[in-house]
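Observations on chain architecture
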Amino acid sequence: MTSFDSSPSLTAWRALLAVAVVFVMLATTGWTAVRHQPSDEPRTIALASWARGRVAGHALPDADAPPYRLAQFFATLTAAQRTALADKYPLVVGNLNGAPVTLRYRANRLAVAQARQVERRRVHDVRLSPDGRAEAVRRMYRFDSMLARGRHFLAFDPSGKGRAAEVFGSLDRAERISVVVPGVDTNLLTLERSAPKVNAAPVGMAKSLYAAERAARPGTRTAVIAWADYTAPAGIGMDAALGNLAERGAVRLKALVDALPGDAPVSLFCHSYGSVLCGVAAHELPARVGDIAVAGSPGMRVENAAQLRTGARVWATRDRGDWIEDVPNLELGGLGHGADPVDPGFGARIVSAGDALGHSGYFEPGTESLGNFAAIGVGAYGSVSCAVSDAGCRERITGSQGI
């Protein structure tokens with residue numbers, strides 16, 4: 001970890017730098033706030049059809065109903081009725097928090113297959129520009145990959161740039177659940193990447209964490225979710241400097257956690273802008289969220305951990321080669337995300353990033369950062385390596401000794 005200088009001169013310099021960054025972004029990127037999706041998007045059409053649908057003579061519940069109500073609805077149906085709904089409305093059922101997990105997997109697999117057929121037709125559409133056809137090819141290949149045997153998606157929406165959430169392990173049987181919340185430029189085309197950036201994408205992060213957790217405690221049943229199911233900022237522009245998308249994403253994250261089956265403890269691993277989202281969501285998350293770990297964070301939109309208003313343990317780490325260290329940790333008129341979580345004054349438990357590979361390398365196999373995440377994820381707190389600046393980061397954790 002790096003040392004921190006809180007001298008007035010440095011604070012003033014960072015304030016001036018923050019203002020300069022704001023003006024540069026305004027001049028070069030413009031205002032890139034997310035607009036409403038067009039009414040012809042696949043999920044919009046699917047939701048309209050669902051709203052008119054019926055089962056056994058009864059109207060279908062509101063797709064935005066609380067998870068417990070949707071769970072009650074599906075519990076009243078026969079297996080055949082549940083399957084029929086998933087097959088008829090895959091883009092709705094696959095994203096219903098409260099629907100049985102295996103039913104969502106079935107629905108999303110069908111939805112991905114349908115989306116692939118759409119892109120297959122677009123590839124040969126002469127009305128599209130060359131760039132449009134090239135994007136259709138990329139999306140078709142992405143859906144091909146998602147349809148590989150053994151993959152399970154808890155959420156899928158091809159609308160716009162797309163969203164998805166993939167599960168590793170068994171959610172229904174898990175004793176510990178981890179959720180990876182990624183940062184900017186998260187969409188269907190960046191859901192996974194090939195070498196050498198495999199572990200810089202949401203799916204790669206989650207797979208690495210799942211493998212590391214199983215190695216850390218082979219006897220513990222774990223599940224890890226690659227949660228790319230929110231609209232993330234596109235690049236380092238105005239959206240990345242604001243909290244609007246984090247606020248919208250926080251609503252979706254809370255809905256996900258509220259709907260997770262069972263009562264297994266949940267740990268959040270929030271990278272880059274994902275840590276902004278986790279900071280916004282923290283005070284509304286259920287008590288089963290016991291750990292919130294942030295890496296490469298530009299801030300959590302608070303000045304200290306106490307302001308997160310959460311009973312969860314808050315962990316923070318940053319590699320010494322991470323460029324995010326040079327981003328001013330200030331909030332100015334809604335721009336910026338507040339204090340640096342790895343500043344000892346913030347109040348998080350600071351863990352070592354060791355040999356992480358820069359801003360995108362916290363989930364690389366064999367790194368100290370991944371080992372620490374795995375230890376947190378399975379509750380092996382005694383195995384966490386604290387940063388030199390916070391040797392007491394494991395204090396006051398039940399069961400942290402002798403693990």
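One structure accompanies this document, and this report is about it. (Residues numbered from 1 in each chain as written. Predicted model: local features only at pLDDT ≥ 70, side-chain atom pairs only at ≥ 80, totals over all residues. Heavy atoms only, no water.)

**What to know about the packing of aromatic side chains**
Tallied over the entire structure, the rule returns 7 aromatic pairs. With a centroid separation of 5.7 Å and an interplanar angle of 85°, the aromatic rings of Phe-143 and Phe-156 are classed as edge-to-face. Taken as a pair, Phe-143 in helix α7 (residues 130-146) and Phe-156 in strand β3 (residues 152-157) lie far apart in primary sequence, 13 residues in all. As far as burial versus exposure is concerned, Phe-143 and Phe-156 are alike and both buried. Aromatic pair Phe-363 and Phe-373: ring centres 5.2 Å apart, planes at 45°, arrangement tilted. Note that Phe-363 is positioned in the loop between β10 (349-350) and α12 (368-378) and Phe-373 in helix α12, a separation of 10 residues in sequence. Take Phe-363: its relative accessible area is 2%, and that puts it in the buried class. A relative accessible area of 2% places Phe-373 in the buried class. (Phe/Tyr/Trp six-rings, centres within 6.5 Å; stacked < 30°, edge-to-face > 60°. Helix = DSSP H or I, 4+ residues; strand = E, 2+ residues; numbered from the N terminus. Buried < 20%, exposed > 50% of the residue type's maximum accessible area, 1.4 Å probe, protein only.)

**A short note on the sheet that holds strand β5 (residues 176-181)**
In a beta sheet, neighbouring strands are held together by backbone hydrogen bonds and run either parallel or antiparallel to one another. Strand order in the open sheet formed by 8 strands is β3-β4-β6-β5-β7-β8-β9-β10, and the pairing between neighbours is mixed. The open sheet has two edge strands with one neighbour each: β3 and β10. One ladder, built from 5 bridges, connects β5 with strand β6 (residues 222-228); its direction is parallel. Bridge assignment links Arg-176 to a residue of β6, and that residue is Thr-222. (Pairing = 2+ DSSP bridges.)

**What to know about empty space enclosed by the protein**
Per the stated rule, a full pass over the model turns up 2 cavities of 30 Å³ or more. Of the voids in this model, the second largest cavity is the one considered here, and its volume is about 30 Å³. Taken together, Asn-97, Val-101, Arg-104, Leu-154, Leu-171, Leu-256, Ala-259, Leu-260 and Pro-261 form the lining of the second largest cavity. Of all the secondary structure elements, the ones that give two or more residues to the lining of the second largest cavity are α6 (101-123) and α10 (244-259). Classifying every residue of the lining of the second largest cavity by side-chain character gives 7 nonpolar, 1 polar and 1 charged. (1 Å grid on protein atoms, 1.4 Å probe; cavity = no way out; pocket = protein on both sides within 12 Å on 5 of 7 lines; lining within 4 Å. Points joined across faces, edges and corners; volume = space filled by probe spheres on them. Nonpolar A, V, L, I, M, F, W, Y, C, P; charged D, E, K, R; others polar.)

**As for the layout of surface pockets**
Each pocket or cavity is described by its volume, and for the second largest pocket that value is around 550 Å³. Contributing to the lining of the second largest pocket are 23 residues, with Asp-40, Glu-41, Pro-42, Val-118 and Pro-158 lying nearest its centre. Of all the secondary-structure elements, those providing two or more residues to the lining of the second largest pocket are α2 (42-52), α5 (90-93), α6 and α7. A per-element tally of the lining of the second largest pocket places α6 first, with 6 residues. Its residues placed into classes, the lining of the second largest pocket shows 11 nonpolar, 4 polar and 8 charged.

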